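Listed below, chain by chain, are the residues.
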Amino acid sequence: PTPPTTATTTSPSPCTTSHSHRRPLHPPTHSHTHAVMATSADEAKEEMDAADVLFLSKTTAGAEEEDNEEKFEDAQEAQDVATPELVAELRRQIDAAGLDLQPIDNEFCDDFCLQRYLRANEGKLKGAFDQLVATIKWRRQAQPWRPCMRCRRNPHAHNMRIVGIDPKGRPVIFTSFSQAAEHDDINDNIVHCTFTLEIAIKMMKETGSSQWVWISDFDGFGFRDISPRQMIAVKHMLAHYPERLGLVMMVDPPGLFNVTWNIVRPLLNKVTVSKVRFVPMSKRDEIFDEVFDPELSAWMKAEMTENRGPRGVNKEYWTEKEADGSLKPHNPLGTESYRKAPYFCNSYERLFAEVV
């Protein structure tokens, strides 16, 4: 069936969610494995210049980087570097920068935004100013609120959608490698990602949160997914969303992922690394029950189980109904409380209204 593509639809956007054929993993020969690893590493090192390292270091904040996320947040609250005086001065500098700020720029650059950029730069005005100016220019060019046109053509292309709200009010973004058929184009992947993040940010204004949670299911991860270049592209993108990442859960990552992770991890500061949590399948249920409420935990388990079974093949994420009109036993649109929330459709419709 053709997925909805207009703002008037009552179903989620093909960009908000996306699934595909499950891909069988055919391991290459041992020699080919080393060739892939070497090539990926060489390509990544070519991309990782000094600017990359500097840009990545600004994606999260903290003068004293703690390995424990909660300790870091407590310390930050106790001594917030984003003082009212610094916020006012940063605003004065932005206004005087000759950027010809448009209404959409001013809406983005509210006080909370300026606070995030100051925290991401440990209270240093020049660093916050440079990073914020770069983001303003990037947003004008990239227009991150644009929907993913590849997913409009093929809703199975990507897999990234918001499926619920965690106990801290943070939108929970879910991705699955086995459910994404066309993630070979890095630019298209970034467009899909930023569109989803912009939806999450609009939801935050109603949930009272400032960060998101990202759950990545590595079922279906294969050699073609070893892409340091992709990780570098994501790193550059996330530099335009400082202080937004609350938690990343990597569920069931295979040893293959170490190729990419070992290249990228040295560039991440301790705060960022502390927010990345590897979840083996043997501990998945225990960890989900610990981090999420019962409804969200149960939905995540059911989603991953279904994706690994026959119902995960050509899964139509955009509808909660079977072909005969009956309700699916597991609703792929997200938890019931999230689906009934006023912002479930409102954020989607607002984003589409900006581009239609």
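## Overview of the confidence of the model for the chain
When the pLDDT values of the chain are averaged, the result is 77; 74% of them are 70 or greater. Every residue in residues 1–78 is under pLDDT 50, and counting partners more than four places away or in other chains gives 181 contacts. Scored below 50 in pLDDT, residues 346–352 shows 24 contacts in the model against residues more than four places distant or in partner chains.

## Focus: the packing of aromatic side chains
This structure, assessed with the given rule, holds 11 aromatic pairs. For the ring pair Phe 177 and Phe 218, a centre distance of 5.0 Å and an interplane angle of 40 degrees mean the geometry is tilted. Pair noted here: Phe 177 is in the loop between β2 (171–176) and α9 (186–207) and Phe 218 is in the loop between β3 (212–217) and α10 (228–238), with a separation of 41 residues, a long-range link. Phe 218 sits in the buried class, given a relative accessible area of 4%. A connected cluster of aromatic rings, assembled from ring pairs, spans Phe 177, Phe 218, Phe 257, Trp 261 and Phe 278.

## Focus: α9
Across its 22 residues, α9 extends 31 Å between first and last C-alpha, which sits within 8% of the 32 Å expected from 1.5 Å per residue. Of all 22 residues in α9, 17 are buried; the element is thus mostly enclosed. Measuring from the backbone nitrogen of Asn 187 back to the side-chain oxygen at the start of α9 gives 3.0 Å, which picks out Asp 185 as the cap. Among the residues trailing α9, Gly 208 stands out with phi positive, at a value near 80 degrees.

## Observations concerning the sheet that holds strand β1 (residues 161–165)
Ordered in space as β1-β2-β3-β4-β5, the five strands form an open sheet in which the pairing is mixed. Each edge of the sheet is formed by a strand with only one pairing partner; in this case those strands are β1 and β5 (276–279). Between one strand axis and the next, the sheet turns through 25 degrees on average, direction left out of account. Alignment of β1 against β2, held across four bridges, turns out to be antiparallel. Within β2, the residue paired with Ile 165 across the bridge is Pro 171. Along the sheet, helix α14 (residues 294–307) makes contact with β1, β2, β3 and β4 (245–251), crossing β2 at roughly 10 degrees.

## Quick look at helix α6 (residues 111–120)
Of all the 10 residues making up α6, seven are buried; the element is thus mostly covered by neighbouring parts of the structure. At the C-terminal side of α6, Glu 122 shows a positive phi close to 55 degrees.

## Looking at the nonpolar core
Counting residues in each nonpolar core, the largest one holds 43 residues, and the members touching the most others are Ile 173, Leu 197, Trp 212 and Met 237. Going through the elements one at a time, α7 (125–142), β1, α9, β3, α10, β4, α11 (258–264) and α16 (343–353) are the ones with two or more residues in this core. If you tally residues by element for this core, the top one is α9, at nine residues. Beyond its immediate chain neighbours, meaning those up to four positions away, Leu 197 contacts Met 160, Ile 173, Trp 212, Met 237, Leu 238 and Tyr 241. By size, the runner-up hydrophobic cluster in this structure holds 17 residues, among which are Ile 215, Val 251, Val 279 and Val 291.

Cut-offs used in this document
Residues numbered from 1 in each chain as written. Predicted model: local features only at pLDDT ≥ 70, side-chain atom pairs only at ≥ 80, totals over all residues. Heavy atoms only, no water. pLDDT = per-residue confidence, 0-100. Contact = heavy atoms within 4.5 Å. Phe/Tyr/Trp six-rings, centres within 6.5 Å; stacked < 30°, edge-to-face > 60°. Helix = DSSP H or I, 4+ residues; strand = E, 2+ residues; numbered from the N terminus. Buried < 20%, exposed > 50% of the residue type's maximum accessible area, 1.4 Å probe, protein only. Expected span 1.5 Å × (residues − 1). Polar contact = N/O pair within 3.5 Å; in protein donor to acceptor, adjacent residues only side chain to side chain. Pairing = 2+ DSSP bridges. Axes fitted to C-alpha atoms, helices over the stretch in contact; angles between N-to-C directions. Core = buried A, V, L, I, M, F, W, Y, C linked by side-chain atoms within 4.5 Å.

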